[in-house]
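An overview of the molecular structure
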Amino acid sequence: MSKKLVIVESPAKARTINRYLGTEYEVLASYGHVRDLLPKEGAVDTEDSFAMHYEIIEKNAKSVDTITRAMKKADMLYLATDPDREGEAISWHLCELLKERNVLDGKNVYRVVFHEITQHAIDEAIQHPRQISMDLVNAQQARRALDYLVGFNLSPLLWKKIRRGLSAGRVQSPALRLIVEREEEIEKFKAREYWSIDADIKYQDVAFIAKLVRYQNEKLTQFTITTEDQAQSIKDLLWDAAKSGDSAERPTGKLIAHKIRVASVDRKQRKRNPVAPFTTSTLQQEAARTFGFTAQRTMRIAQQLYEGIEITDGSVGLVTYMRTDSVNLAHEALQELRAFIAGQYGFDKLPSHARKYKTKAKNAQEAHEAIRPTSVRRTPDQLKSQLTSDQLKLYALIWRRTVACQMIHATIDTMSIDLACGEGNIFRATGSTVVDPGFMMVYQEGGQDVKAQAEESMLPQLNVGDELELVAIRPEQHFTESPPRYTEATLVKSLEEYGIGRPSTYASIISTLQQREYVKLEKRRFRPTDIGRIVNRFLTEHFRDYVDYNFTARLEDELDAVSRGEKQWVPLLKEFWTTFKQLLDAKEETISRRDVTQELLDEACPKCGRKLAICLGRRGRFIGCTGFPDCDYTRNVEENKDKKTKPEIVEGRTCPNCNSSLIIREGRYGRFIGCSTYPECRYIEPLEKPEDTGVACPECNKGTMLKRRSKRGKTFYSCSTYPKCKFAVWNEPINAPCPVCNWPMLTIKTTKRRGAERVCPQKTCNFAEPYGHTKIRSGSR
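First, a word on scope: everything that follows refers to the structure included in this document. (Residues numbered from 1 in each chain as written. Predicted model: local features only at pLDDT ≥ 70, side-chain atom pairs only at ≥ 80, totals over all residues. Heavy atoms only, no water.)

Here we come to the sheet that holds strand 23 (residues 634-636). Ordered in space as 20-21-22-23, the 4 strands form an open sheet in which the pairing is antiparallel. Two strands bound the open sheet, and with one partner strand each, they are strand 20 (599-604) and strand 23. This sheet shows a mean twist of 35° between the axes of neighbouring strands, independent of strand direction. Pairing geometry for strand 21 (residues 611-617) and strand 22 (residues 620-625), over 6 bridges, is antiparallel. By the bridge assignment for strand 22, Leu612 is matched with Cys625. Where helix 16 (residues 530-542) meets the sheet, it contacts strand 20, strand 21 and strand 22, and its direction lies at approximately 75° from that of strand 22. (Pairing = 2+ DSSP bridges. Helix = DSSP H or I, 4+ residues; strand = E, 2+ residues; numbered from the N terminus. Axes fitted to C-alpha atoms, helices over the stretch in contact; angles between N-to-C directions. Contact = heavy atoms within 4.5 Å.)

This is the structure in structure tokens:
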């Protein structure tokens with residue numbers, strides 16, 4: 001019997017697929033990409049039709065050797081890498097390496113594609129193989145070449161003009177621009193005061209709130225009432241107008257001192273339709289909102305669910321491919337879903353026809369399916385004991401959303417009641433009642449509780465002319481709020497809306513910005529660092545076209561055209577490189593370091609009278625005199641802001657030393673909490689408390705390893721009993737002993753070349769092995 005070799009990316013995927021294939025098949029893993037560009041200048045030869053020079057990725061050399069040995073004994077090769085450009089490129093690179101080693105002579109090579117790891121999908125793929133798509137390969141090569149040309153040519157310019165060690169990327173730079181521009185909006189924002197007038201109303205022991213919408217026959221807008229005196233005056237007039245002249249009685253016999261009359265009741269019924277099944281972007285957003293997962297964490301768990309989990313039936317792929325911007329569902333999946341919904345929830349919860357959805361994403365590719373369970377009959381409850389906590393959370397989220405998207409709409413009764421308080425004054429109360437929850441009985445975005453939501457907004461049944469008790473009128477002070485900083489969820493949503501990147505790159509874009517310390521995460525929101533601001537200002541002033549949102553989206557469109565065979569990749573690269581190189585050469589000659597790192601202020605130096613500027617130093621931005629070194633005047637940038645804005649007070653806490661207010665300050669090492677009476681009181685504490693990893697300290701066996709930040713902002717892990725125990729490591733600790741030296745703790749070390757590895761922190765031990773099954777893709781940015 002002939003031997004057939006099947007190649008996938010990860011060992012987990014290999015184990016799962018091996019279950020579905022016969023003994024004549026051998027399934028091996030490539031461990032992601034097997035080749036990448038040489039990490040030096042000239043890897044993309046712009047003088048020779050953009051020829052690309054590759055080398056084997058060191059950490060995967062052993063897996064390539066294993067595949068080579070297996071191919072010598074095999075008669076047929078099936079390349080079953082992921083169904084996207086990256087997967088196609090992995091197959092092509094591996095095929096090229098095997099050709100170079102002369103192990104494919106006279107043997108058939110097939111490309112097989114599936115979007116879920118199930119018996120049916122694997123059988124279909126093996127029965128209908130195809131050849132490697134060079135259009136998809138060339139699209140991936142073009143993307144990789146563009147990233148290389150930008151990174152290897154723009155980064156050295158940043159080193160010369162700003163600081164060594166900086167880098168710029170084709171896709172991460174527009175993402176950085178989004179974050180910096182939002183921060184600038186927040187800094188320019190000036191809060192405006194406004195007031196609203198609320199009424200507390202009671203009817204037959206049902207209390208509810210109404211808002212003043214008309215006053216003296218004039219419709220109220222947001223800024224109609226802008227002062228406390230104005231609000232108090234209106235309250236007094238309304239209170240007098242509501243006085244009961246005829247001492248009206250309640251049904252209970254109690255006199256109503258102040259009453260308000262029902263002027264109109266508007267009842268409507270509306271339908272709320274379910275949302276589409278998950279794409280990569282919407283899954284990352286919802287997991288961030290519901291569980292606080294980062295984009296990387298979400299994708300890592302989704303990949304585990306896709307590649308296969310050991311359950312009662314063996315290793316099974318539980319969800320379809322997780323890198324997709326499609327909202328389509330396969331015909332077989334729709335049939336199974338409709339049968340399940342009818343049996344589980346009843347035929348009345350099933351629409352007459354299967355629901356079809358259309359993606360709203362810019363540059364979307366509809367070739368894949370949405371993310372869904374491979375079988376809806378594997379309910380979260382059935383898998384509860386066989387999945388980790390994170391796996392169960394994400395699987396249940398995908399399962400519920402998929403089921404809900406094929407259920408009937410929710411039917412909601414809405415009621416709007418206008419209440420007259422004297423002549424020309426109207427309060428309005430609105431409420432809703434869920435008549436039939438429909439899909440909402442299974443799923444709602446953001447983890448909302450349907451029952452609680454319905455009860456919160458219920459109003460009593462009222463008729464025109466009914467008189468109700470006015471319990472109180474409350475003026476409420478408000479201030480307009482600045483636009484919020486981006487969370488991971490809102491940043492991913494914006495990246496998708498602008499067409500920046502692709503589903504497979506959202507997580508890597510975010511992690512790259514953090515690793516390069518261009519942004520930092522504070523209270524789960526992104527804030528640009530000083531160096532991030534400088535880099536963004538340099539790029540937007542001198543390379544504006546290349547960080548322009550529309551330019552990035554257009555380039556993605558052109559890469560899509562290459563993948564469809566509608567455009568050639570070399571002319572695309574030539575067009576990009578010609579103008580980019582001309583601009584690069586011009587800027588290298590004309591820009592001075594001072595122009596980039598200094599931002600002139602409209603303020604004179606108090607010491608010598610020359611202009612002040614915001615400068616970039618080793619520890620971040622500061623205000624200094626342009627007459628340096630003749631004049632050495634400097635001050636903190638935050639002192640400049642404090643003149644315009646009030647310090648941010650820490651609510652609910654006081655200084656433990658002097659009982660004064662605590663405020664958030666900013667120093668040379670970042671933001672911290674300090675006493676408001678400084679310098680009289682010098683109490684300070686970190687803004688973020690160290691995070692406990694739960695891993696026992698291997699040196700003292702008394703404390704646990706805490707996640708801390710160094711003075712320079714770098715993350716490290718040290719013992720909670722410090723300074724008694726001074727054990728510390730740079731890499732994230734995990735609670736597992738070293739299999740070589742038995743040291744009770746390992747760490748996760750991630751490098752660009754070797755990916756994520758479990759390593760022993762002991763200097764005398766060389767133990768290292770790949771960590772997890774997540775692919776490190778050469779196209780990541």
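That covers the picture; the talk isn't over yet.
Think of a ball as big as a water molecule: rolled over the atoms, this probe shows where empty space is left. Considering all chains together, one arrives at 4 cavities of 30 Å³ or more under this definition. In this structure, the largest cavity encloses a volume near 80 Å³. If you trace the largest cavity, you find it lined by Val150, Leu154, Gly169, Arg170, Ser173, Leu539, Phe543, Tyr546, Val547, Phe551 and Phe576. The residue makeup of the lining of the largest cavity, split by class, is 8 nonpolar, 2 polar and 1 charged. (1 Å grid on protein atoms, 1.4 Å probe; cavity = no way out; pocket = protein on both sides within 12 Å on 5 of 7 lines; lining within 4 Å. Points joined across faces, edges and corners; volume = space filled by probe spheres on them. Nonpolar A, V, L, I, M, F, W, Y, C, P; charged D, E, K, R; others polar.)

The subject of this paragraph is the environment of Gly667. Along the polypeptide, Gly667 turns up in strand 25 (residues 661-667). Each C-alpha atom of the pair Gly667 and Asp692 lies 25 Å from the other, and the pair is 25 residues apart in sequence. With residues up to four places along the chain from it excluded, the contact list for Gly667 reads Asn636 and Phe672.

Moving on, we get to the side chain of Gln391. Structurally, Gln391 can be placed in helix 12 (residues 389-404). Within the structure, Gln391 has its side chain in polar contact with the side chain of Gln304 (distance 3.0 Å). At 3.1 Å, the side chain of Gln391 and the backbone nitrogen of Thr388 are in polar contact. Discounting chain neighbours no more than four positions away, the residues touching Gln391 are Ile301, Gln304, Leu305 and Ile309. (Polar contact = N/O pair within 3.5 Å; in protein donor to acceptor, adjacent residues only side chain to side chain.)

All right, on to helix 9 (residues 295-307) then. The terminal C-alpha atoms of helix 9 lie 18 Å apart, and with 13 residues this matches the ideal 18 Å at 1.5 Å per residue to within 8%. Of the residues trailing helix 9, Gly308 is marked for its positive phi of about 135°. (Expected span 1.5 Å × (residues − 1).)

Right, let's get into the side chain of Arg85. Mapped onto the elements, Arg85 comes out in helix 3 (residues 85-100). Note on Arg85: relative accessible area 8%, which makes it buried. In terms of polar contacts, Arg85 uses its side chain to reach the side chain of Asp560, at 2.2 Å. (Buried < 20%, exposed > 50% of the residue type's maximum accessible area, 1.4 Å probe, protein only.)

Moving on to the pairing of strand 20. Relative to strand 21, strand 20 is paired through 3 bridges, and the arrangement is antiparallel. Opposite Glu599, over in strand 21, you have Ile614 as the bridge partner. Counted between consecutive antiparallel strands, the loop separating strand 20 from strand 21 contains 6 residues, among which Gly609 sits at a positive phi close to 90°.

With that out of the way, let us pick up unusual backbone geometry. Along the chain, Phe628 connects to Pro629 via a cis peptide bond; the corresponding omega equals 10°. In this structure, Pro629 sits in the loop between strand 22 and strand 23. Of note, the bond from Tyr722 into Pro723 is cis; its omega dihedral lies within 30 degrees of zero at 15°. If you trace the backbone, Pro723 turns up in the loop between strand 30 (715-719) and strand 31 (728-729). The residue Lys523 is not glycine, and still its phi comes out positive at about 50°. Tracing the sequence through the fold places Lys523 in the loop between strand 18 (519-522) and strand 19 (525-528). A relative accessible area of 66% places Lys523 in the exposed class. The phi dihedral of Asn701 is positive, around 60°, even though this residue is not glycine. By secondary structure assignment, the location of Asn701 is in the loop between strand 28 (691-696) and strand 29 (704-709). Take Asn701: its relative accessible area is 60%, and that puts it in the exposed class.

Taken in spatial order, the 4 strands of this open sheet run 2-1-7-8, and their pairing is parallel. In the strand order of this sheet, the two ends are held by strand 2 (25-29) and strand 8 (108-111), each with one partner. Across this sheet, the average inter-strand angle for adjacent strands is 20°, counted without regard to direction. Relative to strand 8, strand 7 (residues 76-79) is paired through 4 bridges, and the arrangement is parallel. If you follow Leu77 over to strand 8, its bridge partner there is Val109. Sheet contacts for helix 1 (residues 11-20): strand 1 (4-8) and strand 2; angle to strand 2, the most-contacted strand, approximately 165°.

So, about the pairing of strand 12 (residues 259-272). Where strand 12 and strand 17 (residues 467-479) come together, 3 bridges link them in antiparallel fashion. Within strand 17, the residue paired with Lys259 across the bridge is Glu469. In this structure, strand 12 lies alongside strand 15 (residues 410-420), joined through 11 bridges in antiparallel fashion. Note that in strand 15 the partner of Val265 across the bridge is Ile417.

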